[in-house]
Every structure is written in C-alpha cells, then in structure tokens.
Amino acid sequence: MAKYLVLFGPPGVGKGTQAERVKDELQIAHIATGDLFRDNLKRETELGQLAKSYMDRGALVPDEVTIGMVRARLEEADTQNGVLFDGFPRTVAQAEALDQLLSERGGRIEKVLFIHAPDSVLLDRLGNRWTCKKCGAVYNLNSKPPQVTGVCDVCGGELYQRPDDNLETQRKRIEVYAAQTAPLIEYFDRQGRLARIDGQQPIEKVTADVRAAIG
Ligand code: AP5
Ligand code: MG
Ligand code: ZN
C-alpha cells in the first residue's frame, strides 16, 4: 500500500534536511511545496511570479493555488508508492484538501512528523543557511558547513541565501506559522496521527527519531 507521510514544523526546524535523509530509503516521492514554488520561479512561470509576491513577504500562498499545484504534482508517476510531504499542509483547508485527494486514491496520511524547536533556534538556523543554486542541497555555516566556502559539496554549484531568509521575513514566517499553521497540531493530534520530535537535537539524532516514528 502507498505510504503517505507529512513532515511538519516551523520554518528552519529541519524539514527539508530530514526529507533528504529519509526519502530514498522510504522509496517514496518528496513533495516540498516551497521547493515547487521556487522551481516555478526559476522557470519564470506564471505560478512562480504569483508565489513570489507572497513568499517575499513571508506570507502563505493562497490555499487554492497551493492545493491545485499539489493536485497536479500527485498525478505524476513517481507518487505511486507514496509521498513524503514537506511544508504541506500548512492550513486546515490544505489538510482537508489533502485528506480528500488521498482518499480519492484509496490512501490516507499515516503519520505527521512534527519537528519542533524554539524560535531562537529557528532564527539561528535560518540566518546561517546557504542553499545550492543548482541542486538545492542545504548547508549551514554552524551545523553543516560546505567543504569549500560558497561551493556545493555535491555538485560544485554556487551557494546562495534564500531571499526570504532576511531577518524581517524570517520573523514574519515564524509569526505566520504560529497563526495559520500551528493550529494543525491539534487537528492531527485529535486524529491520533501526530508524532512529536525534538528538533533541537543534532541532525542524525532527529533522523533516528523520524525513523522510529515512521516504524
Ligand atoms: P518553505 O520553503 O517550506 O520554507 P519554510 O517552511 O519557512 O521552511 P524552511 O524550508 O525555511 O525550513 P526547513 O524546516 O525545511 O529547514 P531546513 O532543513 O532547510 O516555504 C517558503 C515559502 O513558500 C513560504 O513562506 C510560503 O510563502 C510558501 N509556501 C510553501 N509551502 C506553502 C504552503 N503549503 N502553503 C502556502 N504557502 C506555502 O534547515 C534549516 C537550516 O538548519 C539549514 O541550514 C540546515 O542545514 C540547518 N539544520 C537543519 N536541521 C538541523 C539540526 N538538527 N541541527 C542543526 N542545524 C540544522
Ligand atoms: Mg524547507
Ligand atoms: Zn549542488
């Protein structure tokens, strides 16, 4: 049976980092809505332009746009065995839409892996994050520095700081998370699907807890 999992948590807690570490062993597709928006922006699509106007301010892209994009992505063949969602759902409307989309496929979310850490940790991580322009690999000046400054270990591409990783937008994203996304914690908990994971631990320890929670 197809396996559907959600990596959930505030900006900078390590969702993308953990997804990269477990998606291959799970043999399921990785759908990160932030990455999909950034990819659209790179390709200069209309969706990319629209998303940019929200992302630059740290606001959420409207639900119908985000849900439509995920619906289309789920039609691709690599999602047959299941999906590891990352940064989606982020509102109650998105969660309800996802339940509906998966039930149409005869599936459901098995576990929501809620990684948490205090705001001070999130700000520190976001402020020190560098991302590869070419392959998207994620580094951190403190916890995961590249071997050569400014250069990707994996592909040799140039590293950059995401435009939404300036202090003002970081703070805004954390606020938006608290107001619009955090209410989902209770929503998933009530359904008995929530696993809480301490995101303040080193990357490897978090991965071990993610693996244990998936079972
Ligand atoms: P998105 O790209 O999803 O950004 P985000 O939620 O703000 O989360 P991040 O990607 O910043 O953090 P992460 O948890 O993946 O952390 P990472 O692994 O990189 O969304 C961007 C924007 O797109 C949104 O603001 C919104 O506008 C729009 N959007 C996206 N999805 C949407 C949706 N569903 N609905 C509406 N709008 C949407 O790690 C961070 C840093 O910490 C890295 O440097 C990493 O190396 C380091 N690190 C990770 N783990 C550890 C650890 N355990 N110890 C030490 N360092 C660590
Ligand atoms: Mg991410
Ligand atoms: Zn790279």
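Conventions adopted
- Counting from 1, residues in each chain are numbered in the order their sequence is written.
- For this description, chains carry letters from A and ligands carry numbers from 1, given in the order in which they are written.
- Residues qualify for local features only when their pLDDT is at least 70, as the model is predicted, and side-chain atom pairs are given and counted only at 80 or more; totals for whole chains, interfaces and linings, by contrast, use all residues.
- Only hydrogens and water are set aside; all other atoms, that is, all heavy atoms of the structure, feed into the side-chain values.
- The criterion for a residue being near a molecule or strand is simple. One of its heavy atoms has to lie within 4 Å of it.
- For the purposes of these results, a polar contact is taken to be a pair of N or O atoms within 3.5 Å, where, inside protein, one atom must be able to donate a hydrogen and its partner to accept one; residues adjacent in sequence count only when each atom of the pair is a side-chain atom.
- In this description, accessible areas are obtained by the Shrake-Rupley approach with a 1.4 Å probe, and a residue is regarded as covered only by the protein chains that are shown.
- Strands here are runs of E lasting at least two residues and helices are runs of H or I lasting at least four, both read from the DSSP assignment and numbered beginning at the N terminus.
- Should DSSP find at least two bridges between two strands, the strands are regarded as paired.
- Here an axis means a line fitted to C-alpha atoms, over the contact stretch when the element is a helix, while the angle between two N-to-C directions is reported on a 0 to 180 degree scale.
- It only takes one pair of heavy atoms within 4.5 Å for two residues to be counted as in contact.
- Exposure classes here rest on a 1.4 Å probe applied to the protein chains alone. A residue is buried below 20% of its type maximum, exposed above 50%, and partly exposed in between.
- By arc we mean the arc of the directions from the helix axis to the C-beta atoms, nothing more.
- Each metal's donors are the N, O and S atoms found within 2.8 Å of it, except that Na, K and Ca use a 3.2 Å limit; water is left out, so coordination can look incomplete.
- All geometry calls rest on donor angles, where a four-donor set with angles between 85 and 135 degrees is tetrahedral, four- and six-donor sets with opposite donors more than 155 degrees apart and all others between 65 and 115 are square planar and octahedral, and all else is irregular.
- When a carboxyl oxygen of Asp or Glu is within 4 Å of a side-chain nitrogen of Lys or Arg, the pair counts as a salt bridge.
- Only buried residues count toward a nonpolar core, which is a set of Ala, Val, Leu, Ile, Met, Phe, Trp, Tyr and Cys residues joined through side-chain atoms within 4.5 Å.

## Considerations on the site of ligand 1
Part 1 of the argument: Within the structure, ligand 1 sits among 36 residues, and Thr17, Ala59, Arg90, Arg129 and Ser143 are positioned closest to it.
Part 2 of the argument: With respect to ligand 1, the side chain of Arg162 contributes an N or O atom lying 3.1 Å from an oxygen atom.
Part 3 of the argument: When isolated, ligand 1 has an accessible area of 1000 Å², and the protein chains bury 96% of it.
Part 4 of the argument: Those elements that place two or more of their residues in the shell around ligand 1 are helix 1 (15-26), helix 2 (33-42), helix 6 (119-127), strand 6 (138-140) and helix 9 (203-214).
Part 5 of the argument: Looking at the shell around ligand 1 element by element, the count peaks at 4 residues for helix 2.

## Focus: the sheet that holds strand 3 (residues 82-86)
Part 1 of the argument: Strand order in the open sheet formed by 5 strands is 2-3-1-4-8, and the pairing between neighbours is parallel. Taken across any chain shown, the strands that pair with only one partner, and hence form the sheet edges, are strand 2 (29-32) and strand 8 (194-198). Between one strand and the next, the sheet's axes are offset by a mean angle of 20 degrees, whatever the strand orientation.
Part 2 of the argument: As paired strands, strand 1 (residues 3-8) and strand 3 are joined by 5 bridges and run parallel to one another. Looking at strand 3, one finds that Tyr4 is bridged to Val83.
Part 3 of the argument: Contacting strand 1, strand 4 (109-116) and strand 8, helix 8 (residues 183-190) runs over the sheet at an angle of about 125 degrees to strand 8.

## Quick word on helix 3 (residues 46-55)
At 3.6 residues per turn, the α-helix brings residues three or four places apart onto the same side.
Part 1 of the argument: All of the buried residues in helix 3 are Gly48, Ala51 and Met55. Buried positions in helix 3, seen along its axis, are confined to an arc of 70 degrees and lie on one side of it.
Part 2 of the argument: Buried positions along helix 3 lie against helix 2 and helix 7 (167-181).

## Re the coordination of the zinc ion (ligand 3)
Part 1 of the argument: For the zinc ion (ligand 3), every protein donor is listed as Cys132 (SG), Cys135 (SG), Cys152 (SG) and Cys155 (SG), and the spread of their distances is 2.3 to 2.4 Å.
Part 2 of the argument: Classification of the site at the zinc ion (ligand 3) rests on its 4 donor atoms, whose angles at the metal span 98 to 115 degrees, yielding the label tetrahedral.
Part 3 of the argument: Each donor residue of the zinc ion (ligand 3) lies on one chain, and together they are spaced C-x2-C-x16-C-x2-C. Residue Cys132 is found in strand 5 (residues 129-132), and its partner Cys152 is found in the loop between strand 6 and strand 7 (159-160); the two are separated by 20 residues along the sequence.

## Description of the pattern of salt bridges
Part 1 of the argument: Under the defined criterion, the tally for this structure stands at 16 salt bridges.
Part 2 of the argument: Arg211 serves as the salt-bridge partner of Glu25, at 2.6 Å between the closest nitrogen and oxygen. Within this pair, whereas Glu25 is found in helix 1, its partner Arg211 is found in helix 9, the two being separated by 186 residues in sequence.
Part 3 of the argument: Taking relative accessible area as the criterion, Glu25 reaches 46% and is therefore assigned partly exposed.
Part 4 of the argument: Overall, the relative accessible area of 40% leaves Arg211 in the partly exposed class.
Part 5 of the argument: Asp164 is paired through a salt bridge with Arg162; the nearest N and O atoms lie 3.0 Å apart. As far as burial versus exposure is concerned, Asp164 and Arg162 are alike and both buried.
Part 6 of the argument: Counted as one network, the salt bridges with shared partners bring together Arg129, Arg162, Asp164, Asp165 and Arg173.

## A few points about the environment of Leu123
Part 1 of the argument: Secondary-structure assignment places Leu123 in helix 6.
Part 2 of the argument: Distance in space between the C-alpha atoms of Leu123 and Gln170 is 6.9 Å, their sequence separation being 47 residues.
Part 3 of the argument: With near-sequence residues (within four places) excluded, Leu123 lies in contact with Leu167, Gln170, Arg171 and Ile174.

## Some words on the nonpolar core
Part 1 of the argument: Phe8, Phe85 and Phe188 are the most contacted members of the largest nonpolar core, which totals 31 residues.
Part 2 of the argument: Going through the elements one at a time, strand 1, helix 2, helix 3, helix 4 (63-73), strand 3, helix 5 (92-104), strand 4 and helix 8 are the ones with two or more residues in this core.
Part 3 of the argument: Looking at this core element by element, the count peaks at 5 residues for helix 5.
Part 4 of the argument: Judged by nonpolar contacts, the second largest core, of 19 residues, contains Ala19, Val121, Ile174 and Val206.

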